[in-house]
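Secondary and tertiary structure notes
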Amino acid sequence: MTMLVSPLIGEVNASAAGPANDGIAGLRRAPGIELPFASQILRFNRRHKDFVFAAARNYGDVFHMKGTVAGGATITCHPDHVKSLFTAKPELVPTITTESALAPVVGPHSVLTTNGARHMAQRKMLLPPFHGKSIANYSAVIEEATERELARWRMGETLDLSLAMQRLTLDVILAGVFGVGDDPSRKEKVLTQAVTWLMQASTTPLAQLAEVMHIGRTEAFGGMAWALKAFDKTVYDVIEERRQQMADGEERLDVLSLLLATTDDTGAPLSDHELRDELVSLLLAGHETTANTVAWAFERLTRSPRAYADFRDAVRGDDADEAAAMTERVINETMRSRPVIPMVGRRPTVDWQLGEFGVPAGTAIAMSILLVHHREDLYPRAAEFLPERWEGHKPGTYTWLPFGGGTRRCLGAALAMAELRVAIPAIAKRFDLMPDRPEAEAPLHRNVTMIPQRGGRVVVVGKAG
Ligand code: HEM
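Within the open sheet, the three strands sit side by side as β1-β6-β7. Their pairing is antiparallel. Looking at the sheet topology across the chains shown, the edges are occupied by β1 (17–19) and β7 (357–359). On average, each strand axis in the sheet is tilted by 20 degrees relative to the strand beside it, whichever way the strands run. One ladder, built from three bridges, connects strand β6 (residues 352–354) with β7; its direction is antiparallel. Each residue of the ladder has a partner; that of Gln-353, found in β7, is Gly-358. Against the sheet, helix α3 (residues 79–86) makes contact with β1 and β6, and its axis sits at roughly 25 degrees relative to β1, the strand it touches most.

Ideal coordination angles are 109.5 degrees for a metal with four donors arranged tetrahedrally and 90 or 180 degrees for a metal with six donors arranged octahedrally. Exactly one donor from the protein chain reaches the iron atom of the ligand: Cys-410 (SG), at 2.2 Å. Mapped onto the elements of the fold, Cys-410 is located in the loop between α16 (369–372) and α17 (413–430).

Let us look at the nonpolar core. Core analysis: the biggest nonpolar cluster contains 118 residues, and Trp-153, Phe-178, Phe-298 and Ile-424 have the highest contact counts within it. Considering every element that reaches this core, the biggest residue donor is helix α13 (residues 272–301), with twelve residues. The residues that make up this core include at least three from each of domain 1 (1–92 + 342–401) and domain 2 (123–331 + 412–465). With residues near it in sequence (within four places) discarded, Trp-153 still touches Leu-159, Leu-161, Ala-164, Met-165, Ile-427, Phe-431 and Lys-463.

What follows covers the sheet that holds strand β2 (residues 62–65). Here four strands make up an open sheet; going across it, the order is β2-β3-β8-β5 and the pairing mixed. With partners counted over all chains shown, the strands left at the sheet margins are β2 and β5 (343–346), one partner each. On average, adjacent strands in this sheet sit at an angle of 30 degrees to one another, irrespective of strand direction. Where β2 meets strand β3 (residues 73–76), four bridges bridge the pair, whose relative direction is antiparallel.

The next subject is the packing of helix α15 (residues 320–337) against α17. The N-to-C vectors of α15 and α17 enclose an angle of 110 degrees; their axes lie 10 Å apart at closest approach. What the angle tells us is that α15 and α17 run roughly perpendicular. With respect to the hand of their crossing, α15 and α17 are arranged in right-handed fashion. Only Met-417, Leu-420, Arg-421, Ile-424 and Pro-425 of α17 make contact with α15, whose side of the interface consists of Thr-327, Glu-328, Val-330, Ile-331 and Met-335. Classifying every residue of the contact of α15 with α17 by side-chain character gives seven nonpolar, one polar and two charged.

Conventions we followed
- Residues numbered from 1 in each chain as written.
- Predicted model: local features only at pLDDT ≥ 70, side-chain atom pairs only at ≥ 80, totals over all residues.
- Heavy atoms only, no water.
- Pairing = 2+ DSSP bridges.
- Helix = DSSP H or I, 4+ residues; strand = E, 2+ residues; numbered from the N terminus.
- Axes fitted to C-alpha atoms, helices over the stretch in contact; angles between N-to-C directions.
- Contact = heavy atoms within 4.5 Å.
- Donors = N, O, S within 2.8 Å, 3.2 Å for Na, K, Ca; no water.
- Core = buried A, V, L, I, M, F, W, Y, C linked by side-chain atoms within 4.5 Å.
- Buried < 20%, exposed > 50% of the residue type's maximum accessible area, 1.4 Å probe, protein only.
- Domains from an automatic or database assignment.
- Parallel < 35°, antiparallel > 145°, perpendicular 65-115°, else oblique.
- Left-handed = near helix turned anticlockwise from the far one by under 90°.
- Nonpolar A, V, L, I, M, F, W, Y, C, P; charged D, E, K, R; others polar.

Right, here's the structure in full:
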């Protein structure tokens, strides 16, 4: 029975899911998308949103697509199926990030690409600096980086918000992870330029072809290998420099220093290769996602006049609690309607049940965050941007998934939320923005992310205060 608990947040019918201990002989296989192989991959990468929406319309909650990972992936958008995968023992549900186009870039030693005991040990090592309490140490850094960025904005200027926000989020990562202050002459700053360049280059059609060619590989090749070599040289230089500083007795709180001081069970320190993979992962996972979430927030707000006006009134008013509550609703709704990572996946090592369907062991199961977030039974008027749907509601663990979940839940979620809670209201408080074109920006699929096609482009039409 479907029970509606609020006009704007609902509940869905229950669906059995989990390891199929009695086997899957009696269960049907998920319907396969009836399109040629190449067409499926192309649509998945080029028009991700339209592709998964059409599949859900045609086949329902569960369907199977060819390509993207070996053997294709069974895709689900039912919260009970999501729960079964997020709450399963980690050894039963290894991640498929290992097989994504990201793997050759972040390398085999990254927390993103390891599984099993090694992954759990890495999470244990990385959790303390990313824990909510530690994030308080970064709040001054976040505020200063926001201030620096907003001071550059001029009346009448057209801004690519994604790029503008990447400057901010990279500053925060460089401070928190690499331990660098705002000194443009620092070597680590070269990483900023290199990452921005790598990211921009990866939206070109050629790079998207390279992305498809890297699927299933663990090492980069061709142009990607060349670009990474130059980038890696700087990362290794930074590691060496920090090691030297620590040997000289400098006390530091950044993640790199913490990793340098860490030893494994045998007492051995992390190798340079392991350190490099971890740092590059944090740099890549940590800046583009957050920056594009801010870009999506204003892409949506500037096309939702009533929600934008209410938000501006709240953040410009005297009631700090009301401003914080409205900010939370805007963030929740942005991440619901435009999750920057639209899908996460696992490859169960045992047979799995997804409602009426059986999935053989070893088949990838992808959870479509985008589709879960657009279920009409869960989020009535799902296509609309309605921050007020969160009034009196907390996001559900298996129904609001922008950070994934279970033992793979985003390590940087608390840091990302801290950045969003500063940057989004600060922009709304100080500036009036308008979209540069009235039509909504289409979502562009880049690597594993879904970003506004034109960067979340807005014009500064007013300055407050
Ligand atoms: C709005 C911003 C962000 C979003 C939407 C986001 C989203 C995600 C998602 C969906 C996953 C995969 C979870 C899964 O497979 O269940 C993930 C993993 C991860 N994220 Fe984030 N992320 C964001 C910001 C950050 C930041 C700021 C950092 C660090 C500086 C970070 C570091 C990581 C790491 C290390 C993992 C891998 C966790 C693991 O496999 O154990 N992320 N993130």
